[in-house]
Amino acid sequence: MSHTRKIAIIGSGYVGSSIAYSLMLRELADEIVLIDANAEHAQGEAEDIVHGISYMGVCKVYQGDYSDCENCDIIIITAGRNRKPGQTRIDLVDTNTNIIKDVVAKFKPYYTDSVVLVVTNPVDIITYVVAKELDVDSHKVLGTGCILDTSRLVCQLADYIGLSINNIHAMIVGEHGEHQMALWSRVSVANSPIEEYCEMSNIPWNEQIQDDIMERVRLLGADIIKKKERTHYGIATCVCYLVDSIMNNHKIVVPVCSILEREYMGISDVAISIPTVVGGGGVIRQLFQEWNAKEMQQFKKNGEHITKTIKMMNQNGV
Ligand code: NAD
């Protein structure tokens, strides 16, 4: 009998239902189950998605409960509150940690070695909490981390350089939040270091331009929230890309967050984004690269910031 490709999505709000919709269109699963504290809402979302399936898509989409997490290839977690205009992701930490601990306690009895992909913010902290509460091989638990920020950076760079996004290789690492950082020393355009490409194309390139681009990238999420109160399509596309690699073992290298396998630049016991090979089974390998001194210093600060938040949360008894 062939394997049924099954994905559970816990949290069927804007993010969860956009993910379900995009997974259905990409035919990445045979079954998608939506689980939410508001079962009626999850049922409504599932039915809405199913109603187009006679024209496009083949999968079964339904509302379920935690027992449906059994035999899933992937469990995607999106349950929790989102940022209001003016809030940072860290402002959500206490509320969403409590929600996620409750969620993990409910699906743990039915957990059968699935990859767990965390989207709920603050995603670095919530990924850490899920990994600790579930207490399984940490390669099985990853968060979307800086993958969306990286996509935003690549789009901004492509606009600035005036080339298609396919020619740009760039990465944001660290915290999915205010402290995130671009690895400028590694950015390449059409196979050349960006400074070389800009010089030969007469495009200005300096630290001020880098800072301006990074500032725009950092604020893009908050800007959308100001306009429409939430973001969901961009992250749904990123999740689809990750799910495709996990289901089909593509082995992509992406800045997702998972608990560091070893001490790195003086940081340990945190989930933080670094270049990571993602494929069948989740995290295949974290790439512990040597960056330039400024980048390593900046990354260390990112790690210290996440560690401080985890300590504060523990002190508050969350
Ligand atoms: P939403 O309010 O539309 O949906 C959240 C859902 O979670 C609701 O349906 C709610 O009923 C459910 N829920 C709450 N508590 C629950 C519980 N205990 N058990 C089960 N379900 C529960 O919010 P949204 O816009 O879908 O955002 C969801 C999360 O995704 C937020 O934390 C948001 O910040 C995050 N997000 C992350 C990224 C990223 O890059 N990682 C991007 C966008 C949004």
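Scroll up to find the structure.
Summary of the structure given here. All residue numbers refer to positions counted from 1 along the written sequence of the respective chain. It should be noted that, the model being predicted, local features are given only for residues of pLDDT at least 70 and side-chain atom pairs only at 80 or more, the latter also being counted only at that level, while totals for whole chains, interfaces and linings use all residues. With hydrogens and water excluded, all non-hydrogen atoms of the structure serve as input to the side-chain values.

Here, a disulfide means two cysteine sulfur atoms that sit within 2.5 Å of each other. Across all of its chains, the model carries zero disulfides by this definition. Free cysteine: cysteine 257, not disulfide-bonded; nearest cysteine sulfur from cysteine 146 at 7.7 Å. Each residue's exposure class comes from its accessible area (1.4 Å probe, protein chains only) as a fraction of the maximum for that residue type: buried when under 20%, exposed when over 50%, partly exposed otherwise. Overall, the relative accessible area of 0% leaves cysteine 257 in the buried class.

This next bit is on the environment of isoleucine 100. Under the scheme used here, helices are H or I runs from DSSP no shorter than 4 residues and strands are E runs no shorter than 2 residues, and both carry numbers assigned from the N terminus. Looking at where isoleucine 100 falls in the secondary structure, it is placed in helix H3 (residues 93-107). Sequence-wise, isoleucine 100 and asparagine 206 are 106 residues apart; in three dimensions their C-alpha atoms are separated by 42 Å. Ignoring sequence-local partners within four residues, the contact set of isoleucine 100 consists of Ile77, Ala79, Thr120, Ile126 and Val130. Here, two residues are considered to be in contact whenever any of their heavy atoms come within 4.5 Å of each other.

So, about the pairing of strand S5 (residues 115-118). What you see with S5 is no split at all: Val115 and Leu117 on one side and Val116 and Val118 on the other are buried throughout. Relative to S5, strand S4 (residues 74-77) runs parallel, the two being bridged by four bridges. Directly across from isoleucine 76, in S5, lies its bridge partner leucine 117. A right-handed crossover is one whose linking path, passing over the helix from the first strand to the second, runs clockwise when the strands point away from the viewer. Running through H3, the crossover from S4 to the neighbouring parallel element S5 is right-handed. Pairing between two strands is assigned when DSSP locates at least 2 bridges connecting them. Sheet topology note: the S5/strand S6 (residues 141-143) ladder contains three bridges and is parallel. By the bridge assignment, leucine 117 is partnered in S6 with leucine 142.

Our next topic: the nonpolar core. One finds Ile10, Ile75, Phe107, Val116, Val130 and Phe299 to be the most contacted residues of the largest nonpolar core, which totals 48 residues. If sequence neighbours within four positions are ignored, valine 130 has contacts with Ile77, Ile100, Val104, Val116, Val118, Asp135 and Val141. The nonpolar core is taken to be a set of buried Ala, Val, Leu, Ile, Met, Phe, Trp, Tyr and Cys residues, with the residues joined through side-chain atoms within 4.5 Å. Formed by 39 residues, the second largest nonpolar core is a distinct cluster that contains Ile49, Val119, Ile246 and Met247.

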